[in-house]
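# Coordinate analysis (summary)
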Amino acid sequence: RRALSSRLSLGSARGAEQADSRRRVCRRHCRELRRGREPRGEGVRERRSRAAAPRRRAGSRMSDAKYFQTTKRGEIHELKEELHTNDKQKQKEAVKKVIAAMTVGKDVSMLFPDVCSCMQTPNLELKKLVYLYLINYAKSQPDLAIMAVNTFVKDASDPNPLIRALAVRTMGCIRVEQITEYLANPLSKALKDEDPYVRKTAAICVCKLHDINPEMVKDQGFLDALVEMISDSNPTVMSNAIACINEISESSGGPGLFELSRGAKTKMLAAINECAEWGQVAILDALAMYPTNDPKEAEGIIERVTPRLQHANAAVVLSAVKVVLHFMDLIESEETLKALTKKLSPPMVTLLSAEPEIQYVALRNIQLICQKRPGILANEIKVFFCKYNDPSYVKVEKVDVMVMLASERNVDQVLMELKEYAFAEVDVEFVRKAVRAIGRCALKIDKAAERCVTVLLDLIQTKVSYVVQESIVVIKDIFRKYPNKYESVIGVLCENLEGLESAEAKASLIWIIGHYAERIDNAQELLEGFIEEFADLDLEVQLQLLTATVKLFLKKPDSAQGVVKQVLGLATTGSTNPDLRDRGYIYWRLLSSDPDKARVVVLAERSTVQYDGRRLDTGLLRVLLEQVGQISSVCHRPPESFLDKDGLRGAAPRAAFASPEGVSGPGWECRMCTLRNSANATQCAACEEPRGDAVITSGGASAKPNSNVTAAGGTVDLLGSPMAAAPAAKPTNVMDDLMDLMGDVSVTP
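What counts, and where the lines are drawn
- Residues numbered from 1 in each chain as written.
- Predicted model: local features only at pLDDT ≥ 70, side-chain atom pairs only at ≥ 80, totals over all residues.
- Heavy atoms only, no water.
- Helix = DSSP H or I, 4+ residues; strand = E, 2+ residues; numbered from the N terminus.
- Contact = heavy atoms within 4.5 Å.
- Areas by Shrake-Rupley, 256 points an atom, 1.4 Å probe, with all protein chains shown as cover.
- Patch = residues over 30% accessible without salt bridge, like charges linked within 9 Å, V, L, I, M, F, W, Y side chains within 5 Å.
- Salt bridge = Lys/Arg side-chain N within 4 Å of Asp/Glu carboxyl O.
- Lys, Arg positive; Asp, Glu negative; His and termini not counted.
- Charge placed at Lys NZ, Arg CZ, Asp CG, Glu CD.
- Buried < 20%, exposed > 50% of the residue type's maximum accessible area, 1.4 Å probe, protein only.
- Axes fitted to C-alpha atoms, helices over the stretch in contact; angles between N-to-C directions.
- Parallel < 35°, antiparallel > 145°, perpendicular 65-115°, else oblique.
- Left-handed = near helix turned anticlockwise from the far one by under 90°.
- Nonpolar A, V, L, I, M, F, W, Y, C, P; charged D, E, K, R; others polar.
- Polar contact = N/O pair within 3.5 Å; in protein donor to acceptor, adjacent residues only side chain to side chain.
- Arc of directions from axis to C-beta.
- Core = buried A, V, L, I, M, F, W, Y, C linked by side-chain atoms within 4.5 Å.
- pLDDT = per-residue confidence, 0-100.

Summing up its helical and strand segments, the protein chain has 36 helices and four strands in all. Sequence-distant contacts in the protein chain: of pairs separated by 6 or more residues, those separated by 24 or more amount to 60%. Roughly 39,000 Å² of accessible area belongs to the protein chain as shown, and the carbon and sulfur atoms make up 50% of that amount.

Before going further, it helps to examine a negative patch on the surface. A cluster of acidic residues, Glu-525, Glu-528, Glu-532, Glu-533 and Asp-536, forms a negative patch on the protein surface. Considering the arrangement of structural elements, one finds Glu-532 in the loop between α29 (523-531) and α30 (539-555). Note on Glu-532: relative accessible area 73%, which makes it exposed.

To continue, consider the packing of helix α18 (residues 295-305) against helix α19 (residues 314-328). At a closest axis distance of 9 Å, the pairing of α18 and α19 adopts a crossing angle of 160 degrees. On the basis of their axis angle, the class for α18 and α19 is roughly antiparallel. Read as a crossing pair, α18 and α19 show a hand that is left-handed. Facing α18, whose interface residues are Ala-298, Ile-301, Ile-302 and Val-305, α19 presents Ala-320, Val-323, Val-324, Phe-327 and Met-328. Class assignment for the residues of the contact of α18 with α19 results in nine nonpolar, no polar and no charged.

On to helix α17 (residues 277-287), then. Within α17, nine of the eleven residues are buried, which leaves the element mostly enclosed by the surrounding structure. Listing the buried residues of α17 in full gives Gly-279, Gln-280, Val-281, Ala-282, Ile-283, Leu-284, Asp-285, Ala-286 and Leu-287. Buried positions along α17 lie against α15 (235-252), α16 (262-271), α18 and α19.

This part covers unusual backbone geometry. Of note in the backbone geometry, Lys-463 takes a positive phi value of approximately 65 degrees without being a glycine. Positioned with a positive phi, His-636 is a non-glycine residue whose angle comes to about 55 degrees. Considering the arrangement of structural elements, one finds His-636 in the loop between α35 (631-635) and β1 (667-669). According to the relative accessible area criterion, His-636 is buried, its value standing at 10%.

So, on to the packing of helix α3 (residues 75-83) against helix α4 (residues 88-103). In contact at an axis separation of 8 Å, α3 and α4 are set at 145 degrees when each is read in the N-to-C sense. The two elements α3 and α4 cross, and the hand of that crossing is left-handed. Note on element contacts: α4 touches α3 through Lys-90, Gln-91, Ala-94, Val-95, Lys-97 and Val-98, opposite Leu-79, Glu-82 and Leu-83. Across the contact of α3 with α4, the residue classes break down as five nonpolar, one polar and three charged.

On to the side chain of Asn-240. Among the secondary structure elements, Asn-240 is positioned in helix α15. Polar contacts involving the side chain of Asn-240 include one to the main-chain carbonyl oxygen of Thr-236, which spans 2.7 Å. Residues in contact with Asn-240, not counting those within four places in the same chain, are Lys-200 and Ile-204.

All of the buried residues along helix α33 (residues 595-602) are Ala-598, Val-601 and Val-602. Projection of α33 onto a plane perpendicular to its axis shows the buried side chains occupying an angular sector of 85 degrees, all on one side.

All right, on to the nonpolar core then. In terms of nonpolar packing, the biggest core is built from 203 residues, with Tyr-133, Leu-134, Leu-187, Leu-418 and Phe-479 touching the most fellow members. By residue number, the principal contributor to this core is α19, which donates eleven residues. Discounting residues that sit within four places of it in the chain, Phe-479 has contacts with Tyr-486, Glu-487, Val-489, Ile-490, Leu-493, Trp-511, Ile-512 and Tyr-516.

A word on the confidence of the model for the protein chain. Detailed reading of predicted coordinates is not advised where the pLDDT is low. For the protein chain, the average pLDDT comes to 78, and 76% of its residues sit at 70 or higher. Segment residues 3-11: pLDDT under 50, and zero contacts once partners within four positions in sequence are set aside and those in other chains are kept. Overall, residues 695-749 carries pLDDT values under 50, and its contacts beyond four positions in sequence, including any with other chains, amount to 86 contacts.

This part covers the pattern of salt bridges. Following the criterion strictly, the structure yields 28 salt bridges and no others. In this structure, Asp-329 engages Arg-373 in a salt bridge whose closest nitrogen and oxygen atoms are separated by 3.1 Å. Placement of the pair is Asp-329 in the loop between α19 and α20 (334-351) and Arg-373 in the loop between α21 (356-372) and α22 (392-405), with a sequence separation of 44 residues. Exposure remark for Asp-329: the relative accessible area of 44% places this residue in the partly exposed category. Close ionic contact of Arg-432 with Glu-429 constitutes a salt bridge, the shortest N to O distance being 3.4 Å. Taken as a pair, Arg-432 and Glu-429 lie in helix α24 (residues 428-444) at a separation of three residues, close to a single helical turn. On the basis of relative accessible area, Arg-432 is assigned to the partly exposed category, the value being 28%. Taken together, the salt bridges that share partners define one network made up of Glu-429, Arg-432, Arg-436, Glu-470 and Glu-504.

Written out as structure tokens, the structure is:
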């Protein structure tokens, strides 16, 4: 206890002495400052030196900024003199000024000969600057660029591998045919160089040369040299050679430049752990094209690729997922498939913790994966619940995935989450997306339809205009899916008639009124409110109002005769739109000639709305799954629909999607990507191009896309949706009767 107290007293004494010393120094500095002198002492100099160090470092980093601030006249003449000086430092400064002027957009092409005179230098930094200038201006000065060929050839044999690689890379970047003629010999040597960096650069140069002169690449045997480099001992060289082969294969339009052998596959799997991350992506993309039908070999490849699923780079993870999904189709063991399904789930969940941009790419690819194998993420639906700080484009994709993964087991959680979005979100478009998602859940899961309707009614009670309108649109689809089941909510919908603003919501409510006119006491009164402003309504609402009025007349002929005559007159004589006018004439002649046949046509039972979990055709889905991690899988479009060889928006070859699975019978081909779509599709499933005037084909026959003739019995649905054929008891063909009615064009109603 005495020893401890003595130590404490000693420490406190020393602390007091140090505090007194600091106070004395501070008082002395204050006196000197009052007298106008600089403070003296060791501590002041140290503090000033430490404070000035960051400024000195910042000044060294910003030293090159001065080259971008000069705007004085006569600068070109001064640069010429500095480029020809014997002082290498001034020469390098002059080249930097030229590069800076070139960067900001000034035309310094007149200095081309002067800059080329600086190429003969052992200074690597100066040589890089000169080569950068040559790459930029060689295309505009092809005759003067020939002056640099001798230097390129000489540098390609330099003892320094960096200079050798720099020369080959620069010659490949200069897209001038006169220079590419001299590139063959240096490139042949570089492909067999002892330094791996030079070989890697030469492989990339072959890819660039193929884009300029593919015949020269084939004649000189550079493609064979690239294939041989797949067996290179250096993994970086191997990965770059594979990347170049893949790019050349895509640009040439062929199925593949080479067929990956089993030996090359083994070497690639062994080198994948030693490559950089982008080299791993190139190898994984090549492995996804490996042809095999052996389940054991497929399991072996998956086992070697599975560790890449834990990689920090999202591109590597997606490429590994693509390889695993590709070879999972060959595995027959259910236990193995279940194990792989469990392994694929965590890496994709991890991607949703990255930046929003990566989340978006991952979500777009997850939609494809869920369509092919929904069991992978079936138990991870909570991961896709939206966060408050998620961007809107991420939230929209998460909602789509939630609906795809919804099932009887988790639909309550999904509905609660979607209801919360509709109540609390301020983004109008996202709220509409959430309301539509509730309707999709009702169409997808029959047992959850009643709960979905209850949620929609709660949303309608909020009296928020866009929520109410979107809810009415969704409930209309639910009525078509489950007829005669939820009609008790019609009264609630009609109460919100005055607040409707969007054309789609008005058309949906008018459809409900017309379809259930016999159950709505004031149906005529509700429709008359729209008829008063018929001329100001959108075409979609006018068409629906016309059909609903005809339905009302067929169900209540005694009271609705005046209303239907008024609407038919507005549609035929008061409108200039051909679609509305023609439909009005058809209805008028049907009603005036044979009301019984009109009742068969207009009031026929229609097919119910079905939820289609397949958002893409099977053929297109197969193509996009082979492009996981690419722009095609993000846009959900085939690669051929982006760019053709001339850099213009191109169309996919017809053979690529000649007859995709799931599209049989009548169909139409997209004008942009030539994908064959089903006959009732309004836009292309690949590029979302509207159908327009595309021709519906079935074998050798062709018909206009707006034809209302169906394959079953030839009956007509004037509302544009499939309709059942006429009853078998009636031998007459309604289509023939309609054609007879419309045959005499001179008849006017």
